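Structural overview for review
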Amino acid sequence: MVTDDSPWERHARWWQEGFTEGADREYEEQILPLVDAQLAGSGTVLEVGCGEGQVARRAAALGAEVVGVDPSSAQVTEAYRRGGGPCYVRAGGERLPFPGDCFDAVVVSLVIEHVEPFEPVLAEIARVLVPGGRLVLFVGHPIAQAPGSSWVDDADFGDQYWRLGPYLPDHLAVEEVAPGVELPFFHRPLGRYVHELGRVGLLVEDLIEPPPPSDTLAQLAGFREAATIPRLLCLRAVRAGALRRPGGS
Ligand SMILES: C[S@@+](CC[C@H](N)C(=O)[O-])C[C@H]1O[C@@H](n2cnc3c(N)ncnc32)[C@H](O)[C@@H]1O
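Note that the structure is a prediction, hence the values are computed from the model and not measured.

Observations concerning the pairing of strand β1 (residues 44-48)
The buried fraction of β1 is high, at four of five residues. Looking at chain direction, β1 and strand β2 (residues 65-70) are connected through five bridges and run parallel. From the neighbouring strand, V48 faces β2, where its bridge partner is V69. Of the strand pairs in this sheet, β1 and strand β4 (residues 103-109) are connected by four bridges, and their pairing is parallel. Its bridge partner lying in β4, V48 is registered against V108.

Put into structure tokens, the structure is as follows:
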């Protein structure tokens, strides 16, 4: 939804300074290379929740015609300033200002876990994709986002393990990710996403779970199995020929 008082509007600068233009290893080592691999050959690409445009610019560098939408004015303004080829429109993913069947691909990167309800966004994506078009969806991995999940170093028993918190229930956490920066994170189990994708006619073709990026592994250097628990999930889904409309089973 477009509003001037969203946390993302207030904290756009924090995001731009800390997570774009080479500042974040997860983007440099994982998300942007996966964008290259998953969007190669797409003629027209829509990015939903484009922020300041790093993913949109990457898709444009592949030769695609790219449009980015984001409800935050501060993000869209910065995206325009940074340039690099894409066009931008201020809009939320729940109501995309495009006719049906008009994009070869849609990419959504680290957005859907901040949006509730997320179902209308997926329905809109299915609507604007051409039949056979692909959705590339990056989301914080649900096993890392389940509340209370973390590495545990149990010195008494000489054991180290990943503690998985309550996984199945949906859960909202407003996390203070930096001093004064509070953002909503919605945990949902993986099945909620896959089920909803199928319901709107987006059929999952691939699921990629890279190990954590190098800086996270460096921070977890004391944990022998740190590379075995992913933080990121990338789903690729293809739009079925005949759209299943929300409301169907
Ligand atoms: C973590 S940032 C990711 C930005 C960009 N996708 C990237 O990967 O660099 C999340 C973005 O989602 C946007 N957002 C929040 N609610 C949204 C909604 N309902 N529809 C579309 N985008 C939304 C925010 O404004 C913010 O720019």
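What follows picks up the thread again.
Topic: the site of the ligand
Neighbouring the ligand are 21 residues, the closest being Y27, G49, D70, E94 and S109. Between the ligand and E47 there is a distance of 3.0 Å, counted from a nitrogen atom to a side-chain nitrogen or oxygen. Look at the ligand: alone it shows 600 Å² of surface, and the protein chains cover 96% of it.

Some words on the packing of aromatic side chains
Evaluated as defined, the whole model comprises ten aromatic pairs. Taking the centre distance of 4.5 Å and the plane angle of 10° together, the rings of W15 and F19 count as stacked. With W15 and F19 both in helix α2 (residues 12-19) and four residues apart, this pair spans about one turn of that helix. Each ring, one from F98 and one from F103, has its centre 5.1 Å from the other, and the planes form 85°; the classification is edge-to-face. Across the pair, exposure class does not vary: F98 and F103 are buried alike. By way of ring pairs, the aromatic residues W8, W14, W15, F19 and Y27 are connected into one cluster.

Concerning the nonpolar core
Ranked by size, the top nonpolar core spans 30 residues in total, and within it L46, V48, V106, I125, L135 and L202 carry the most contacts. For this core, the elements supplying multiple residues, two or more each, are β1, β2, β4, α6 (119-128), β5 (129-140), α8 (190-199) and β11 (232-239). The element best represented in this core is α6, accounting for five residues. Sequence-distant contacts of I125, defined by excluding residues within four places in its chain, comprise V48, L96, V106, V108, L135 and L202.

Reading the values: rules and limits
- Residues numbered from 1 in each chain as written.
- Predicted model: local features only at pLDDT ≥ 70, side-chain atom pairs only at ≥ 80, totals over all residues.
- Heavy atoms only, no water.
- Buried < 20%, exposed > 50% of the residue type's maximum accessible area, 1.4 Å probe, protein only.
- Helix = DSSP H or I, 4+ residues; strand = E, 2+ residues; numbered from the N terminus.
- Pairing = 2+ DSSP bridges.
- Near = heavy atom within 4 Å.
- Polar contact = N/O pair within 3.5 Å; in protein donor to acceptor, adjacent residues only side chain to side chain.
- Areas by Shrake-Rupley, 256 points an atom, 1.4 Å probe, with all protein chains shown as cover.
- Phe/Tyr/Trp six-rings, centres within 6.5 Å; stacked < 30°, edge-to-face > 60°.
- Core = buried A, V, L, I, M, F, W, Y, C linked by side-chain atoms within 4.5 Å.
- Contact = heavy atoms within 4.5 Å.

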